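Below, each chain spelled out in residue letters.
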Amino acid sequence: MLTKFAIKSKTLKGAVNTAPELPGCYIYRDNSGKVLYVGKAINLRKRVKSYFQRFGDQVVRIQNMIKQISSVEFVVADNDLEAFILETNLIRKYKPKYNVDKKDDKNYSWVMISGGKDFPKIDLVRKRIDQKAVYFGPYAKQSPIKRTLESLRKIFPYRTCDRVIEYRKDVLYSSNPRPCLYWHLGLCDAPCAGKINSKEYKKNIKKIELFFIDKKKNLIEKLKVEMFKLSQDKHFEEAALLRDKVADLIYLSTQVDIEESTDEFKFRQVKKANQNQALEELVKSLPMLGLKSHKGFKIECYDISNIQGKYATGSMVVFVDGVPDKAQYRKFRIKTKGTPDDYAMHMEVQSRRLKQHIKPGTKTDKSFAELPDLMIIDGGKGQLASVLKVHSELGISIPVTGLAKKFEDLFLFNTLTSLMDKVTLPRNSQARYLIQRIRDESHRFAITYHKKLRSKASQVSILDGIPGVGEVIKKKLLLAFGSVENIKSASLKDIQQIVKNRTTAGKIKSKIP
């Protein structure tokens, strides 16, 4: 999330002193408006002040530049990665006189989707040679883009090989029809072996394209609709898999928001400079809760994740002044229920969280010591009522609201009527965007822990029972194949590449059902 604003001040000194204390980029201009220098910083105010406070320590080139500065602009980013990408793009665009690096494309990378007619492949390249290919970029640093592609490939498998795979007179031709290891790892759908047709394969490629052309939200909403339909048709396993993909996409898009600056600096999503505005709007929208806006305003949001009650988990995410405070995030493994019961699970999480506040011990988690200004429960009237029951039993009074999944309505208990009131935040309001971000983050955090428990349980229950398979071999297998399910799909020859003992490899192949 990025936002641009120029500090309104009659003097350059005033602009510097009121600069945001946030990560981002700064742009120095001369009295004609020409860009002199573009830089990045974790704390913009401290960085720009240092130019003038330590003028004598600067090299001659920078001293000459400082003497010409007439104005400064700031572009706020979510993190130093976004600031780095933006800085590179701005330098490439303006080619400032006093920036000596990054003025050309020699260090840039591009995401390339090849022009393959039937089964396109995706690569990270330095040069745009293939005129038929689609390119996204340029990106200044390869490592975050590689991580992005690796994560996307787990969600939407695609090929990277050089095999010739195409239809010839409606018959599939493959230069090597045997699936490679990436198929066993779930990273490719093996079009080479005819395990997926061109139409279905291209659907994954299209979704990846949507991600890179800044239509993440559209993609996520589309998958949510598909997930809801599957659930309505009682295809619960398929719906759960799609839900995990949605959570992964939400997590991925919040970690690396790949940005290309435009001439008008029309940056995406909610502006960080509007976080205070979002909180003010939220407080005004919920007058019945008696909220008071102040610095350090703390919101806790709770979500439950489970499949038919198994490996149920609860999550607590914390936002302070509208910004995630991940140090205060907490996860709960549900202990009291083994069947689907959202109400009871929310009650357990609330009880465990609040009891540490009521009776703190020597080992009490510090994040539980302070109550939030507002508590958000993911769910509607039923979930909210269950949580309020726990609060009443424990003698706790906290402003709390339930967040309905479908239309993002907020439910509140009206003590005068003993009924649930519904509040619908205005569409496109900063308060609504803030609630959406908090909700999505709570989903992501809960599902991540839930998946970890499921994976751990499946690995322990099967592999630990095979003779000859100890901790070392188990780790090697899981590192190579990613999951027990992938080991099950692997051939004996593939397993023998990891487990050198032929007898043990045979037992692994025969023992996994």
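Provided above is the structure to which this section pertains.
Our subject in this report is the structure included herewith. Note that the coordinates shown come from a computational prediction; the quantities given were computed from them, not determined experimentally.

Rules behind the numbers
Residues numbered from 1 in each chain as written. Predicted model: local features only at pLDDT ≥ 70, side-chain atom pairs only at ≥ 80, totals over all residues. Heavy atoms only, no water. Helix = DSSP H or I, 4+ residues; strand = E, 2+ residues; numbered from the N terminus. Buried < 20%, exposed > 50% of the residue type's maximum accessible area, 1.4 Å probe, protein only. Contact = heavy atoms within 4.5 Å. Areas by Shrake-Rupley, 256 points an atom, 1.4 Å probe, with all protein chains shown as cover. Phe/Tyr/Trp six-rings, centres within 6.5 Å; stacked < 30°, edge-to-face > 60°. Lys NZ or Arg CZ within 6 Å of the ring centre and 35° of its normal. Core = buried A, V, L, I, M, F, W, Y, C linked by side-chain atoms within 4.5 Å. Salt bridge = Lys/Arg side-chain N within 4 Å of Asp/Glu carboxyl O. Expected span 1.5 Å × (residues − 1). Polar contact = N/O pair within 3.5 Å; in protein donor to acceptor, adjacent residues only side chain to side chain. Axes fitted to C-alpha atoms, helices over the stretch in contact; angles between N-to-C directions. Parallel < 35°, antiparallel > 145°, perpendicular 65-115°, else oblique. Left-handed = near helix turned anticlockwise from the far one by under 90°. Nonpolar A, V, L, I, M, F, W, Y, C, P; charged D, E, K, R; others polar. Pairing = 2+ DSSP bridges.

**A word on the overall build of the chain**
Turning to step 1, where the next piece is worked out: Secondary structure assignment for the chain yields 17 helices and 17 strands.
Turning to step 2, where the next piece is worked out: Taking all 513 residues of the chain together, 48% fall into the buried category.
Turning to step 3, where the next piece is worked out: Across the chain, every contact between residues at least 6 apart in sequence was considered, and the portion connecting residues at least 24 apart equals 62%.
Turning to step 4, where the next piece is worked out: Carbon and sulfur atoms form 51% of the exposed surface of the chain, whose accessible area is close to 26,800 Å².

**Let's talk about the packing of aromatic side chains**
Turning to step 1, where the next piece is worked out: Within this structure, the stated rule accounts for nine aromatic pairs.
Turning to step 2, where the next piece is worked out: Members of the aromatic cluster, connected to one another through ring pairs, are Tyr26, Tyr28, Tyr37 and Tyr51.
Turning to step 3, where the next piece is worked out: We note arginine 29 situated over the ring of tyrosine 94; from NZ or CZ to the ring centre the distance is 5.7 Å.
Turning to step 4, where the next piece is worked out: The lysine or arginine in question, arginine 153, covers the ring of tyrosine 158, its NZ or CZ lying 5.1 Å from the ring centre.

**Some words on the nonpolar core**
Turning to step 1, where the next piece is worked out: Counting 28 residues, the largest nonpolar core has Val111, Ile122, Tyr158, Ile208 and Phe212 as the members making the most contacts within it.
Turning to step 2, where the next piece is worked out: Counting only elements with at least two residues in this core, the list comes to strand S5 (109-113), helix H5 (142-155), helix H7 (198-212), helix H8 (216-232) and helix H9 (236-255).
Turning to step 3, where the next piece is worked out: The next biggest cluster of nonpolar side chains, apart from the first, holds 25 residues, and it includes Leu291, Ile376, Val423 and Ile435.

**Points about the pattern of salt bridges**
Turning to step 1, where the next piece is worked out: A complete count under the given rule lists 13 salt bridges for this structure.
Turning to step 2, where the next piece is worked out: Here glutamate 300 and arginine 353 are joined by a salt bridge, their closest N and O atoms 2.8 Å apart. Linking glutamate 300 in strand S10 (residues 298-307) with arginine 353 in helix H11 (residues 342-358), this pair joins segments that are 53 residues apart in sequence. This pair shows no difference in class: glutamate 300 is buried, exactly as arginine 353 is.
Turning to step 3, where the next piece is worked out: The partner of aspartate 409 in a salt bridge is lysine 422, with the nearest N and O atoms 3.9 Å apart. Of this pair, aspartate 409 sits in the loop between strand S15 (400-403) and strand S16 (410-414) while lysine 422 sits in strand S17 (residues 419-423), placing them 13 residues apart in sequence.

**A closer look at the environment of leucine 44**
Turning to step 1, where the next piece is worked out: On the secondary structure map, leucine 44 appears in helix H2 (residues 44-53).
Turning to step 2, where the next piece is worked out: Given a relative accessible area of 0%, leucine 44 falls into the buried group.
Turning to step 3, where the next piece is worked out: Between the C-alpha atoms of leucine 44 and tyrosine 26, which are 18 residues apart in sequence, the distance is 7.1 Å.

**Things to note about H11**
Turning to step 1, where the next piece is worked out: For H11, built from 17 residues, the straight-helix expectation of 24 Å at 1.5 Å per residue is met to within 8% by its first-to-last C-alpha distance of 24 Å.
Turning to step 2, where the next piece is worked out: By the burial criterion, the buried members of H11 are Met345, His346, Glu348, Val349, Gln350, Ser351, Arg353 and Leu354.

**Some remarks on H7**
Turning to step 1, where the next piece is worked out: The terminal C-alpha atoms of H7 lie 21 Å apart, and with 15 residues this matches the ideal 21 Å at 1.5 Å per residue to within 8%.
Turning to step 2, where the next piece is worked out: Those residues of H7 not exposed but buried are Ser198, Tyr201, Asn204, Ile205, Lys207, Ile208, Glu209, Leu210, Phe211 and Phe212.
Turning to step 3, where the next piece is worked out: You can read the cap of H7 off the contacts: a side-chain oxygen lies 3.2 Å from the backbone nitrogen of lysine 199, and it is on asparagine 197.

**Considering unusual backbone geometry**
Turning to step 1, where the next piece is worked out: In this structure, alanine 190 is a non-glycine residue whose phi angle is positive, near 55°.
Turning to step 2, where the next piece is worked out: Mapped onto the fold, alanine 190 is located in the loop between helix H6 (181-184) and H7.
Turning to step 3, where the next piece is worked out: For aspartate 321, which is not glycine, the phi dihedral falls at a positive 55°.
Turning to step 4, where the next piece is worked out: Turning to its location among the elements, aspartate 321 is positioned in the loop between strand S11 (310-320) and strand S12 (323-324).
Turning to step 5, where the next piece is worked out: Note on aspartate 321: relative accessible area 22%, which makes it partly exposed.

**Considerations on the environment of alanine 312**
Turning to step 1, where the next piece is worked out: Among the structural elements, alanine 312 can be located in strand S11.
Turning to step 2, where the next piece is worked out: Residue classification places alanine 312 among the buried positions, given a relative accessible area of 4%.
Turning to step 3, where the next piece is worked out: Each C-alpha atom of the pair alanine 312 and lysine 335 lies 8.4 Å from the other, and the pair is 23 residues apart in sequence.

**Some points on the packing of H11 against helix H12 (residues 381-394)**
Turning to step 1, where the next piece is worked out: The geometry of H11 relative to H12 is characterised by a closest axis approach of 9 Å and an angle of 30° between their N-to-C directions. Taken together, the axes of H11 and H12 are roughly parallel relative to one another. Here H11 runs over H12; the crossing is right-handed. Facing Asp342, Tyr343, His346, Met347, Gln350, Ser351, Leu354, Lys355 and Ile358 of H11, the residues of H12 in contact are Gly382, Gln383, Ser386, Val387, Lys389, Val390, His391 and Leu394.
Turning to step 2, where the next piece is worked out: By residue class, the composition of the contact of H11 with H12 is seven nonpolar, seven polar and three charged.

**Brief notes about the pairing of S16**
Turning to step 1, where the next piece is worked out: Burial analysis of S16 places four of its five residues in the buried class, which makes it a mostly covered element.
Turning to step 2, where the next piece is worked out: In this structure, S16 lies alongside S17, joined through five bridges in antiparallel fashion. Counterpart to leucine 410 in the pairing with S17 is valine 423.
Turning to step 3, where the next piece is worked out: Hairpin geometry of S16 and S17 is characterised by an intervening segment of four residues between the two adjacent antiparallel strands and by a positive phi of about 60° at serine 418.

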